[in-house]
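# Understanding the architecture of this molecule
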Amino acid sequence: MRILVVEDEPKVASFIRRALEEESYAVDVCADGQQGQDWAQSIDYDLIVLDLMLPGIPGLELLKHIRKSGVKTPVMILTARSEVDQRVKGLDAGADDYLTKPFAIEELLARARALLRRAGGVPTGVLEVGDLVLNPVTREVTRGDQRIELTTKEYALLEYLMRNAGRVLTRPMITEHVWDLDFDTFTNVIDVYISYLRNKIDKGREQSLIQTVRGSGYVMRADV
Amino acid sequence: MSQASIRVRLTLWYGTALALILILFAGTIYFVISRGLRDQVDASLEEAASVAIRTLGEHRFGPFLIFEDLSQNFPELALLDKFFQIFGPAGQVTIQSANIKSREIPLSQTAFQASLKGQATFESVRFDEGVPFRLLSVPIRHTERLVSILRVGTSLYPTEKMLQRLLLALVIASPIAIIVSLLGGWFLAGRALMPVNVITCAAQRIADGDLTQRITSPRSSDEIGRLASVFNDMIARLEISFRQIRQFSADASHELRTPLTITKGETELALRRPREADDYRQVLESNLEEIDRMSRIVDELLFLSRADLGEIKMTMSPISLDSLVREVQLQATILGQDRQIETILGTVEPIVVDGDELRLRELLLNLVDNAIKYSHPNSQVELSLRQIDAQAELKVCDHGIGVSDLEQQRIFDRFYRTDTARAHASKGTGLGLAICQWIVDVHQGTIQMQSSPGAGSCFTVLLPLRAPVV
Ligand SMILES: Nc1ncnc2c1ncn2[C@@H]1O[C@H](COP(=O)(O)OP(=O)(O)O)[C@@H](O)[C@H]1O
Ligand SMILES: [Mg+2]
């Protein structure tokens, strides 16, 4: 899951980023309205967290603009003003949710989860592939009765694969949704992380859930 | 009727005044005319009497006077509007003109008594039929003895008829005149007061909270027009200050929310799970920074709102600006050390102004603080002080990020910070220059900036020199 945070106050952007990263999302931060608009249009984010008071392009304009150009990514706006007016304008312009500063970190994370779930079309929130179960709220992963411990990155990769179970995911797709802009695309990092995951999930079991599709990428499937 | 509208009251006042004037006028006319008519009648009676007496005298007042003689000498008798009677000294009729016919008009007691004393008498009498008469009785005396009494009389019927007509005309015409002018007054008062109604409606809408409303008055130079334009000016000023207050509180809450968001966010994030000691330390440091920022905002806001209310005490005394500049330069050197920004002195002339030392120091420090904050590392800030005519010119120049022409107009506004400034230095409240402006204002000075983006800025403060002691 890759999230864009458009926020000009560096310290606010910084703690939002750290909080989201702790939840194993890939996060890009951008402090300028124009740049935020460019990124939102060129990268397929899963969620955009948007501050309304921005230098360059105001947040509302940015939102209207990307919606007009067809970006469907869920957007959560952050407003410093609690005026109803601002929220209504934001929601009218195409925002999916809003938070008023100052906000509670847990609330930000919960709302982000809800927006991602809604966009992914998973109603319960618990992801299942075969006997592999992932709970995004508790971040617990189990296969059969066995609990599996994952690093942040491994978790992010697995969540993305499971959300798109049955679909072939190419390496660029995986890069876009799991890694942020600092990621160096020339390395074989994805293959390395896939092998880590295989070690923890599929090793020593009858059924391999992560399958390689030669020449394209990977797919997660319970049936052979 | 304390609730009656001005229109009703105006009309009623007007009507009452008009009615009084009309009554007075009608009364006067009636009085003058009736008096004039009676005088005319009396004068003709007197004239007739004197002619008759003269004629009688020619006949030596003898009892042999005959009416034919009388009518011959007094042709007016033919007109039949006068009659004559002559009474003997005892008051009995001796002779009377034919036109009196058989009517009995005896000599009244008053007239008889007056005649005995030798005085003539005018009387008005009315007989049963209602025909009024005017009578003049004149005693005719010979050698102090009353010989006879001459009476001349005439009917007042035509005079009375005329006065009745006049009265009728006045009684009918006056109310009509009053009603017509009341209607006219009501209409005119309504017209005159219409702009007041317009103003009232506009004021009502404004009172309902719509400060963008203005009064449109077609006439601009009359009383109502002036009222409307004064009113409009007032509303315009109200609108501006309302907008400023709203903007100010919105800005203030926004500026306070940012540090609150940061401290809350950082703290909650730290508490989500156990961390290294170093992480906690970083959070605490960040929080301290934000707390400092909030207290600075609160202090500066408090200062400005007290300044707005005129509650800041100023102790004016002669201040030697050159030594103040030198002191501030020392402080600035320390401020700039971290980023290798040197503060140097240009020309510094000895100058004394009248002012509050604390505030002037604050002014200088604010400007120098900005100059350092918005400078690039390894650059210089220059302070200079010169006398130009009767003013002290204080300059603070830097080679920093500068401000674009468009933004220059707004940097003295409360909370205004340029985007470049926000990106360059996160510490800042946007209130410093607003405070500088206030300090310069209370010292009767001016403050200005010249700047080119990317190259640097110069702030110039002009203060009046200390007035020479007389
Ligand atoms: N020396 C300077 N160079 C460039 N910009 C300046 C300078 N001084 C002031 N400004 C601009 O004016 C704004 C208002 O200044 P000030 O009221 O002192 O607020 P603050 O210093 O807290 O930002 C600053 O945010 C900045 O944009
Ligand atoms: Mg400042």
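Please read these numbers as outputs of a predicted model, since none were measured by experiment. Each chain has its residues counted from 1, running along the sequence as written. Each chain gets a letter, beginning with A, and each ligand a number, beginning with 1, in the order they are written. Where local features are concerned, this predicted model is filtered to residues with pLDDT of at least 70; where side-chain atom pairs are given and counted, the filter is 80 or more; whole-chain, interface and lining totals use all residues. Neither water nor hydrogens contribute to the side-chain values; these are computed over all heavy atoms in the structure.

### Thoughts on the overall build of chain B
In this description a helix means any DSSP run of H or I spanning at least four residues, a strand means any run of E spanning at least two, and both kinds are numbered starting from the N terminus. Broken down by element type, chain B carries 11 helices and 12 strands. When the 470 residues of chain B are sorted by exposure, 40% land in the buried category. Residue contacts follow a heavy-atom distance rule, with two residues in contact if any of their heavy atoms lie within 4.5 Å. Of the contacts formed within chain B by residues at least 6 apart in sequence, a portion of 64% connects residues at least 24 apart. The protein chains shown are the only cover counted for residues, whose accessible areas, like all others here, come from Shrake-Rupley with a 1.4 Å probe. Carbon together with sulfur atoms contributes 59% to the accessible area of chain B, which is approximately 27400 Å² in total. Type-normalised accessible area, obtained with a 1.4 Å probe on protein chains alone, sets the label of each residue: buried when under 20%, exposed when over 50%, and partly exposed for intermediate values.

### Quick notes on the packing of aromatic side chains
Classification of ring pairs uses Phe, Tyr and Trp, with its six-membered ring standing for Trp, and accepts pairs whose centres are within 6.5 Å; under 30 degrees between planes counts as stacked, over 60 as edge-to-face, and the remaining range as tilted. Summed over all chains, the structure comprises six aromatic pairs over all chains. Between Phe15 of chain A and Phe103 of chain A the ring centres are 6.1 Å apart and the planes differ by 40°, which places this aromatic pair in the tilted class. With Phe15 of chain A in helix α1 (residues 10-22) and Phe103 of chain A in the loop between β5 (97-100) and α5 (105-120), this pair connects stretches of sequence that are 88 residues apart. The exposure classification of Phe15 of chain A matches that of Phe103 of chain A, with both residues buried. Taken together, a centroid distance of 5.4 Å and an interplanar angle of 90° make the contact between Phe303 of chain B and Trp438 of chain B edge-to-face. Residue Phe303 of chain B is located in helix α6 (residues 277-308), and its partner Trp438 of chain B is located in helix α11 (residues 432-442); the two are separated by 135 residues in the primary sequence.

### Quick look at helix α3 (residues 109-116) of chain B
All names here are of chain B. All of the buried residues in α3 are Ala111, Phe112, Ala114 and Ser115. All buried residues of α3 lie within an arc of 165° about the axis, which places them on one face of the element. Along α3, the residues that are exposed and aim more than 90 degrees away from the buried face are Gln109 and Thr110. If you follow the buried residues of α3, they end up packed against β3 (121-126), β4 (132-142) and β5 (145-155). Note that the arc is defined by the directions from the helix axis to the C-beta atoms.

### With respect to a nonpolar patch on the surface
All names here are of chain B. Grouping into patches uses exposed residues only, defined as over 30% relative accessible area, and leaves out salt-bridged ones; the cut-off is 9 Å for like charges and 5 Å for nonpolar side chains (Val, Leu, Ile, Met, Phe, Trp, Tyr). A pairing counts as a salt bridge when a side-chain nitrogen of Lys or Arg comes within 4 Å of a carboxyl oxygen of Asp or Glu. A cluster of nonpolar residues, Leu167, Leu168, Val171, Ile172, Ile176 and Val180, forms a patch on the protein surface that exposes about 560 Å² of accessible area. Mapped onto the elements of the fold, Val171 is located in helix α4 (residues 157-207). For Val171, a relative accessible area of 52% gives the class exposed.

### Points about the site of ligand 1
Residues and elements named next belong to chain B. Neighbouring residues are identified by heavy atoms, a residue being near a molecule or strand if any of them is within 4 Å of it. Taken together, 21 residues are adjacent to ligand 1, and Asn370, Tyr374, Arg417, Thr429 and Leu433 come closest. Asn370 is positioned with one of its side-chain polar atoms (N or O) 2.8 Å from an oxygen atom of ligand 1. Nitrogen and oxygen atoms within 3.5 Å of one another constitute a polar contact, given that in protein one can donate a hydrogen and the other can accept it, and given that sequence-neighbouring residues count only through two side-chain atoms. The side chain of Ser457 places a nitrogen or oxygen atom 3.2 Å from a nitrogen atom of ligand 1. Burial of ligand 1 by the surrounding chains reaches 98%, relative to a free accessible area of 530 Å². For the shell around ligand 1, the secondary structure elements donating two or more residues are α8 (357-373), α11 and β12 (456-464). Counting residues per element, the shell around ligand 1 draws most heavily on α8, at three residues. As a working rule, the residues Ala, Val, Leu, Ile, Met, Phe, Trp, Tyr, Cys and Pro are called nonpolar, Asp, Glu, Lys and Arg charged, and the rest polar, with Gly in that last group. Taken together, the residues of the shell around ligand 1 sort by class into 10 nonpolar, eight polar and three charged.

### So, the pattern of salt bridges
Inspection of the entire model under this criterion finds 41 salt bridges over all chains. In this structure, Asp97 of chain A and Arg111 of chain A form a salt bridge, with 2.8 Å as the shortest nitrogen-oxygen distance. Of this pair, Asp97 of chain A sits in strand β5 while Arg111 of chain A is found in helix α5, placing the two residues 14 residues apart along the sequence. Residue class for Arg111 of chain A comes out partly exposed when judged on its relative accessible area of 26%. Of the charged contacts, one joins Arg293 of chain B and Glu290 of chain B as a salt bridge, the two residues approaching to 3.5 Å between their closest N and O atoms. One end of the pair, Arg293 of chain B, and the other, Glu290 of chain B, are both in helix α6, three residues apart, so they sit about a helical turn from each other.

### Remarks on the sheet that holds strand β7 (residues 342-348) of chain B
Residues and elements named next belong to chain B. Two strands are counted as paired when DSSP detects at least two bridges linking them. Sheet architecture is open: five strands sit in the order β7-β9-β10-β12-β11, paired in mixed fashion. Each end of this open sheet is capped by a strand with a single partner; those strands are β7 and β11 (446-452). For this sheet, the mean inter-axis angle between neighbouring strands, taken without regard to orientation, is 15°. Sheet topology places β11 next to β12; seven bridges connect them, and they run antiparallel. Across the sheet, residue Gln450 finds its bridge partner in β12, namely Cys458. Between the N-to-C directions of two axes lies an angle of 0 to 180 degrees, each axis being a line fitted to C-alpha atoms and, for a helix, fitted only over the stretch in contact. Across the sheet, helix α7 (residues 321-336) touches β7, β9 (380-388), β10 (391-397) and β12, and the angle it forms with β7 is around 165°. The sheet contacts of α8 involve β7, β9, β10, β11 and β12, and relative to β10 the element is tilted by about 30°.

### Some remarks on the state of the cysteines
Residues and elements named next belong to chain B. When two cysteine sulfur atoms are found within 2.5 Å, that pair is recorded as a disulfide. Inspection of the entire model under this criterion finds one disulfide over all chains. Through a disulfide, Cys397 is tied to Cys458; the S-S separation comes to 1.8 Å. Where Cys397 bonds to Cys458 through sulfur, the torsion about that S-S bond is close to 100°, and the disulfide is right-handed. With Cys397 in strand β10 and Cys458 in strand β12, this residue pair connects regions lying 61 residues apart in the sequence. One exposure class covers both Cys397 and Cys458, and it is buried.

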